[in-house]
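Each chain, letter by letter, is given below.
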Amino acid sequence: MRARLADIAAQAEVSEATVSRVLNDRPGVAPETRQSVLTALDVLGYERPARLRKRSAGLVGLVVPELENPIFPAFAQVIESGLAQAGYTSVLCTQTPGGVTEDEYVEMLLDRQVSGIVFVSGLHADTSADHARYRTLIARPLPVVLVNGYVPNIPAPFVSCDDREAGELAVAHLVALGHRRIGLITGPARYVPVQRKVAGYKAAMKRLLGLADEELDELAELSLFGVEGGEVAAARLLDRGVTGLVCGSDLMALGAIRAARQRGLSVPADLSVVGYDDSPLMAFTDPPLTTMRQPVTAMAVAAVRALVDEINGHAAPHSEYTFRPELVVRGSTAVVPGLGRQAPGPAGSTDPAVPRPSSPELALPV
């Protein structure tokens, strides 16, 4: 082994330690140096270790948190379709509580020699997680694209919905309906999208209603994502007299509606609720849910294009690209109790189920 390392090092004109790092597929080696070592292996007739052989050109990993929230299957479907059109087959990896972790999925994908990985709402969105895992992948080098969750020091393309604008638009809609006691329900504070929604909510409440930070603190409830989390948080805010709720996901909004009905309240006559995502079937709930729509198709297409460009050696800009959300007005919001019962539709529309005109086009990178 020592003779082999020495021969390869001499051929590649590098140190034996560098050869060892390349053979063990460890980070910290420049791409051109790594290629020199691999070329030396080929020239000397040594067989490359399995993990260093040419990647399976047709496979791309797609890692999503779970499939219970309908927005994640929606992302997966569009990304999978886009990759298929580009000649790639998706390896779908979904996480469940107590099941396979993101890191374990990544190891499996690396064993299958995938050409790249798309992460949707992964650990990159969690500010408490160790993000070195992504820098290690990029150093291999392995192309990655990260959706919904931005980390400034990871040199990769990011694709996000503008969560801050979503929070502001949702508040503005409820204020226009006469609401003043507007609560916020969303997930744990460690997630980047949550932090941005909270920032947008607070900015709009201060600008439109003149509320102070201490007043806003009692109107915001951070809970677990999902129907149950939304129900618990809504119950607390109903005790504080809110007439409108901005929710961090459609599932949380459904939980809020359930909490209201358990108290004998009607939605939207007694409580207006705004969701987030516009996941499938939200137009068919009771009542149909007013929500902030993520432009899933546009975001997924951008993620696929960025990854394919990276795989083909045309580096995509290592920036965050934010896409504008869209307010979709349906039946879960109405004029504040006491001011009337009929909620106005969007400007220029007589059908309350018609989305407010808004373009989900790509915004400038930030």
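Reference entry: report on the structure contained in this document.

## Details of the packing of aromatic side chains
Under the defined criterion, the tally for this structure stands at 3 aromatic pairs. For the pair Tyr150 and Phe158, a centre-to-centre distance of 4.9 Å together with 85° between the ring planes defines the contact as edge-to-face. A centroid spacing of 6.3 Å and a plane angle of 50° characterise the contact between Tyr191 and Phe225, whose relative ring orientation is tilted. Taken together, the residues Tyr191 in the loop between strand S6 (182–186) and helix H8 (192–209) and Phe225 in the loop between strand S7 (220–222) and helix H10 (227–239) connect sequence positions 34 residues apart.

## Comments concerning H8
When the terminal C-alpha atoms of H8 are compared, their 25 Å separation across 18 residues agrees well with the 26 Å that a helix rising 1.5 Å per residue should span. Taken residue by residue, H8 has Val192, Pro193, Val194, Lys197, Val198, Gly200, Tyr201, Ala203, Ala204, Met205 and Leu209 as its buried positions. Contacts from the buried residues of H8 go to helix H7 (163–176), S6, helix H9 (213–217), S7 and strand S9 (272–277). Backbone geometry just downstream of H8 places Gly210 in the positive-phi region, at approximately 70°.

## Overview of the packing of helix H2 (residues 16–23) against helix H3 (residues 31–44)
In the contact formed by H2 and H3, the axes pass within 10 Å of each other and the chain directions differ by 85°. Considering the angle they form, H2 stands roughly perpendicular to H3. Counting all contacts with H2, which are made through Thr18, Val19, Val22 and Leu23, the residues of H3 involved are Thr33, Arg34, Val37, Leu38 and Leu41. Taken together, the residues that form the contact of H2 with H3 break down as 6 nonpolar, 2 polar and 1 charged.

## Observations regarding the environment of Ile138
Mapped onto the elements of the fold, Ile138 is located in helix H6 (residues 132–139). Measuring from C-alpha to C-alpha, the distance between Ile138 and Pro155 comes to 7.7 Å, with 17 residues separating the pair along the chain. Setting aside residues up to four positions removed in sequence, Ile138 forms contacts with Val144, Ile154, Pro155 and Ala156.

About the criteria used
- Residues numbered from 1 in each chain as written.
- Predicted model: local features only at pLDDT ≥ 70, side-chain atom pairs only at ≥ 80, totals over all residues.
- Heavy atoms only, no water.
- Phe/Tyr/Trp six-rings, centres within 6.5 Å; stacked < 30°, edge-to-face > 60°.
- Helix = DSSP H or I, 4+ residues; strand = E, 2+ residues; numbered from the N terminus.
- Expected span 1.5 Å × (residues − 1).
- Buried < 20%, exposed > 50% of the residue type's maximum accessible area, 1.4 Å probe, protein only.
- Contact = heavy atoms within 4.5 Å.
- Axes fitted to C-alpha atoms, helices over the stretch in contact; angles between N-to-C directions.
- Parallel < 35°, antiparallel > 145°, perpendicular 65-115°, else oblique.
- Nonpolar A, V, L, I, M, F, W, Y, C, P; charged D, E, K, R; others polar.

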